[in-house]
Amino acid sequence: MPTFSKPILPLELLRLIISHLRECYPALYALSLTSKTLRGEVEHLLYSNMTSASEVAHAKFLTTILHSRRCATLVHAYSQEGVSNQGKQRLWSLLSRGLKEMINLQHLCLRASLLDGYAGSLSGCSFQLESFDCRGSHMEEEEISTFLSTQRNLKQLNIEWRETSNVALLPSACPALQLLRGNRGAIEAFLPGKLIASLAWIPHPSDSISSIDHLAPYLNHLRTLSYGGSFKRPRLELIVGHLQSLEFLKVVDPASEFSRRNYPPPIGPPHQSQWATAVPNIFSDCKLLEYIDISVQRANYERWTPGSDHPERTSTSFEQVHAWWEVGRRARFPDELEI
């Protein structure tokens, strides 16, 4: 049994020192043996945020929290992003039991395909999430719908949903939702009835391009829109008239967005001549719009501002321009809502 001593340095300074040892497990283990205070700080560092890409690390982590309720209560964020699909399947039995012990979990990244064949895996979980990433085209939509109806604090949701789904969302689902990242089906399911301020419209191969006029009352609440991707979606010119509150527009891979009449598709990197006519029309429709960030193939960014006849070229990376879009990415859970 180790003999613990009382730390000499202030706890705030100790936390700062310990935070620099996040990846140095032998040092963290040694520190945990020196005092009860340091053991608590080390455990918080080790168990508060699990985002490793190692299947072995996840197996050890989940086994530990199943044997230590104290450690389980420290978990605030959990993601298996980066673990192989086979590894996720092997971990599922541990995870399905471990989730029920993570009563203080706030951020969860869980591939929806894992839910197939595991009905009820999210039932019995008492945590209240702030962000939930359950991307994947294979989904137990009924189970997800039931689970989301219990999530009163959820602010960020990353999800795919079939437009043809017969599963109706309960009115109690996600009343605090502020940021939605998803395909046409997810937008149809989650946007109505909510005051969502930020939307990342991510097209899916099965999405329709039919009229979106029925979504106009809800699109008018948006302050930030990230729009685009590799698959079909309604042209941007059909949407901008419904974006009366929009402040920030981020367009990704715009080549397939626009008609030849109003929004000529770019050839190569974006430049002034391709957008000189279209941009003033967008700013005219969206009176509150502060800027438009445009990319082609997630590179060559340019920013347009009201009244400017040419864009400002930037070298900003995709992750920087669309940082808030990446909900639940490995090792990058949000501290607060990002737009």
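Residues numbered from 1 in each chain as written. Predicted model: local features only at pLDDT ≥ 70, side-chain atom pairs only at ≥ 80, totals over all residues. Heavy atoms only, no water.

For the pairing of strand 9 (residues 248-252), give the residues involved together with the corresponding values.
Summarising burial for strand 9: 5 of the 5 residues are buried, a large majority. Alternating positions in strand 9 separate into two faces, Phe248, Lys250 and Val252 on one and Leu249 and Val251 on the other, with burial throughout. Sheet topology places strand 8 (residues 224-228) next to strand 9; 5 bridges connect them, and they run parallel. Looking at strand 9, one finds that Tyr227 is bridged to Val251. (Buried < 20%, exposed > 50% of the residue type's maximum accessible area, 1.4 Å probe, protein only. Helix = DSSP H or I, 4+ residues; strand = E, 2+ residues; numbered from the N terminus. Pairing = 2+ DSSP bridges.)

Lay out the environment of Glu302 with the relevant residues and their values.
With respect to the helices, strands and loops of the structure, Glu302 is situated in strand 11 (residues 299-304). Separated by 12 residues in sequence, Glu302 and Thr314 have C-alpha atoms that sit 5.7 Å apart. There is a polar contact of 3.1 Å between the side chain of Glu302 and the side chain of Trp304. (Polar contact = N/O pair within 3.5 Å; in protein donor to acceptor, adjacent residues only side chain to side chain.)

Please provide a residue-by-residue account of the packing of aromatic side chains, values included.
For the structure on display, the rule yields 7 aromatic pairs. Grouped by ring-pair contacts, the aromatic residues Tyr47, Phe61 and Tyr78 constitute a single cluster. The aromatic ring of Tyr291 is capped on one face by Arg303, whose charged end is 3.7 Å from the ring centroid. (Phe/Tyr/Trp six-rings, centres within 6.5 Å; stacked < 30°, edge-to-face > 60°. Lys NZ or Arg CZ within 6 Å of the ring centre and 35° of its normal.)

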